[in-house]
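Given next are the chains, with one letter for each unit.
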Amino acid sequence: MDDASRHPLPITVEGMEKRYGPVVALGGVSLRIAAGEFVTLLGPSGSGKTTLLMVLAGFVRPDAGSLMFGERQVLMLPPHERGVGMVFQNYALFPHMSVLDNVAFPLKVRGVARAEARRRAEAALDLVDLGGYGGRQVHQLSGGQQQRVALARAVVFEPPILLMDEPLSALDKNLRERMQIEIRRLHERLGMTTVYVTHDQREALTMSDRIAVLNRGRVEQYDTPTEIYDRPASAFVADFIGESALIPVQVEGTTALLGRQRLALPRAPAAGDSHLLVLRPEKLELLAGDAAPPAGANRLDGRVRDRIFQGESVLFFIALPDGQDFTFRLQVRAGLMARLPGKGDAVAFTLHRDDTLVVPGGVQAP
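Residues numbered from 1 in each chain as written. Predicted model: local features only at pLDDT ≥ 70, side-chain atom pairs only at ≥ 80, totals over all residues. Heavy atoms only, no water.

1. Let's talk about helix 3 (residues 114-127)
Turning to step 1, where the next piece is worked out: The end-to-end C-alpha distance of helix 3, which contains 14 residues, comes to 20 Å, matching closely the 20 Å that a straight helix rising 1.5 Å per residue would cover.
Turning to step 2, where the next piece is worked out: Listing the buried residues of helix 3 in full gives Ala117, Arg120, Ala121, Ala123, Ala124, Leu125 and Leu127.
Turning to step 3, where the next piece is worked out: On its buried side, helix 3 packs onto helix 2 (99-109), helix 4 (143-155) and helix 5 (173-190).
Turning to step 4, where the next piece is worked out: Looking one or two places after helix 3, you find Asp129, whose phi comes out positive at around 60°. (Helix = DSSP H or I, 4+ residues; strand = E, 2+ residues; numbered from the N terminus. Expected span 1.5 Å × (residues − 1). Buried < 20%, exposed > 50% of the residue type's maximum accessible area, 1.4 Å probe, protein only. Contact = heavy atoms within 4.5 Å.)

Have a look at this one:
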């Protein structure tokens, strides 16, 4: 098998709409995916991510919109004429076939000669580290091995586009994390355009070139993992991605007012009737005593409502003067518990100005 996909294609989605009765599954979705890019469709259940993937695959016919693979309009083509590889959530392997025959099946239906199909299937199994497993039956494989077989079958005919529908959801945590890295490495080696669906934010951040965060059939933000995490475009994205507390504030230019506390912002936030301060615990640092924050940082005062020892860390529940609260996690070494602030103690934190994020709010429930 070649080290790179022969013809990775860009994907252009314009104004995609799909309704199921009164339910809006897709509400005018538009995306441009570059050739060879790994894009993840991320969102909670009912956000429209799987519906969009099924539209790309040809299993769902939208009510309106345009879909281009490269320069070709494919919206009216059936799935088998779109030339995409597909990995399903349940793998969809044929139990009566050997591993090798499962992988070779897409080549067989394309009329590839038996000897050539066998050679390419064996090469695909080598690619996913299952060389020598071709003679086994599917039921003799572990869940992780079955997932690899499904992946080998999807790429054996070197499709320009690979679609993956939550392929790791049935695996345990450790195997799932290993497979995330392996799929990413395989994508980099083959170079095909990949669209991946998941509801797992960490999975999306780990694997993607870009992420489309969907909510109620619409794209809330489409950007790189770093920008999605560090610069959420909406309260929904800030709440869905990572661990955060959303605190109502008033905004005056590049200043956020939290009660009597004034927090400098890196830039004026987007206009809105209300705004929320996004507090991510890992961006905060505990400030000793009455010390002033370092240059370029804000000071945030509060009081410890409760603290919970969790082995390698302590979880603090911090109440702000206006009654809002948030959590803060501190890594601790043995013997330091006695020095930490306790329940009822006043505390202060530093928050760098560049990490002081404000978004238009409120938060729409999934």
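2. A word on the sheet that holds strand 8 (residues 193-198)
Turning to step 1, where the next piece is worked out: Across the sheet, which stays open at both edges, the six strands sit in the order 6-7-8-3-9-10 with mixed pairing between neighbours. In this open sheet, the two edge strands, each paired with only one partner strand, are strand 6 (84-87) and strand 10 (218-223). Neighbour to neighbour, the strand axes of the sheet diverge by 15° on average, direction disregarded.
Turning to step 2, where the next piece is worked out: Of the strand pairs in this sheet, strand 7 (residues 161-165) and strand 8 are connected by five bridges, and their pairing is parallel. From the neighbouring strand, Met164 faces strand 8, where its bridge partner is Tyr196. (Pairing = 2+ DSSP bridges. Axes fitted to C-alpha atoms, helices over the stretch in contact; angles between N-to-C directions.)

3. What about the packing of aromatic side chains?
Turning to step 1, where the next piece is worked out: In total, this model carries seven aromatic pairs according to the counting rule given.
Turning to step 2, where the next piece is worked out: Centre to centre, the rings of Phe59 and Phe88 are 6.1 Å apart; their planes meet at 45°, and the pair counts as tilted. In this pair, Phe59 sits in the loop between helix 1 (49-57) and strand 4 (64-69) while Phe88 sits in the loop between strand 6 and helix 2, placing the two residues 29 residues apart along the sequence.
Turning to step 3, where the next piece is worked out: With a relative accessible area of 48%, Phe59 lands in the partly exposed category.
Turning to step 4, where the next piece is worked out: Here the aromatic rings of Phe316 and Phe328 are separated by 6.3 Å at their centres, their planes lie at 35°, and the arrangement is tilted. Separated by 12 residues along the polypeptide, Phe316 in strand 17 (residues 313-319) and Phe328 in strand 18 (residues 325-331) bring together distant segments of the chain. (Phe/Tyr/Trp six-rings, centres within 6.5 Å; stacked < 30°, edge-to-face > 60°.)

4. Looking at the sheet that holds strand 1 (residues 11-20)
Turning to step 1, where the next piece is worked out: Reading across the sheet, the four strands line up as 2-1-4-5 and stay open at both edges, with antiparallel pairing between neighbours. Either end of the sheet is taken by a strand with one partner, and the two such strands are strand 2 (23-33) and strand 5 (72-73).
Turning to step 2, where the next piece is worked out: The pairing of strand 1 with strand 4 spans five bridges and is antiparallel. If you follow Ile11 over to strand 4, its bridge partner there is Phe69.

5. What about the pairing of strand 4?
Turning to step 1, where the next piece is worked out: Where strand 4 and strand 5 come together, two bridges link them in antiparallel fashion. In the strand pairing of strand 5, Phe69 is matched with Arg72.
Turning to step 2, where the next piece is worked out: Between strand 4 and strand 5, which follow one another and run antiparallel, lie two residues, and Gly70 among them has a positive phi close to 65°.

6. Regarding the packing of helix 4 against helix 5
Turning to step 1, where the next piece is worked out: The interhelical angle for the contact between helix 4 and helix 5, taken along N-to-C directions, is 15°, at an axis separation of 12 Å. As summarised for this structure, helix 4 and helix 5 are arranged roughly parallel, according to the angle between their axes. In this structure, helix 4 meets helix 5 at a crossing whose hand is right-handed. Side by side, helix 4 and helix 5 meet where Gly144, Gln147, Arg148, Leu151 and Val155 of the first sit next to Leu175, Met179, Glu182, Ile183, Leu186 and Leu190 of the second.
Turning to step 2, where the next piece is worked out: When the residues that make up the contact of helix 4 with helix 5 are grouped by side-chain class, the tally is seven nonpolar, two polar and two charged. (Parallel < 35°, antiparallel > 145°, perpendicular 65-115°, else oblique. Left-handed = near helix turned anticlockwise from the far one by under 90°. Nonpolar A, V, L, I, M, F, W, Y, C, P; charged D, E, K, R; others polar.)

7. Some words on unusual backbone geometry
Turning to step 1, where the next piece is worked out: Phi angles above zero are rare outside glycine, and Glu166 is one such case at about 45°.
Turning to step 2, where the next piece is worked out: Mapped onto the secondary structure, Glu166 falls in the loop between strand 7 and helix 5.

8. Here's the deal with the confidence of the model for the protein chain
Turning to step 1, where the next piece is worked out: In the predicted model, the protein chain carries a mean pLDDT of 89, and the fraction of residues at 70 or more is 96%.
Turning to step 2, where the next piece is worked out: Across residues 1-5 the pLDDT falls below 50, and counting only partners more than four positions away or on other chains, this stretch makes 20 contacts in the model. (pLDDT = per-residue confidence, 0-100.)

9. Thoughts on the packing of helix 2 against helix 4
Turning to step 1, where the next piece is worked out: Helix 4 packs onto helix 2 with a crossing angle of 30° between their chain directions and a minimal axis gap of 7 Å. By the criterion of interaxial angle, the relationship of helix 2 to helix 4 is roughly parallel. Helix 2 and helix 4 meet at a crossing whose hand is right-handed. Only Val149, Ala152 and Arg153 of helix 4 make contact with helix 2, whose side of the interface consists of Val99, Asn102, Val103 and Pro106.

10. Digging into helix 1
Structural remark: α-helix, 3.6 residues per turn; residues separated by three or four positions point the same way.
Turning to step 1, where the next piece is worked out: In terms of burial, helix 1 is largely enclosed, as eight of its nine residues are buried.
Turning to step 2, where the next piece is worked out: Taken from the residues just after helix 1, Gly58 is the one with a positive phi, measuring 100°.

11. A short note on the pattern of salt bridges
Turning to step 1, where the next piece is worked out: One pass over the structure, following the stated rule, counts 15 salt bridges.
Turning to step 2, where the next piece is worked out: Its salt-bridge partner being Arg210, residue Glu37 comes within 2.6 Å of it at the nearest N-O pair. Within this pair, whereas Glu37 is found in the loop between strand 2 and strand 3 (38-42), its partner Arg210 is found in strand 9 (residues 210-215), the two being separated by 173 residues in sequence.
Turning to step 3, where the next piece is worked out: The partly exposed category is assigned to Arg210, whose relative accessible area is 22%.
Turning to step 4, where the next piece is worked out: Salt-bridge contacts for Lys173 lead to Glu177; the nearest nitrogen and oxygen are separated by 2.9 Å. (Salt bridge = Lys/Arg side-chain N within 4 Å of Asp/Glu carboxyl O.)

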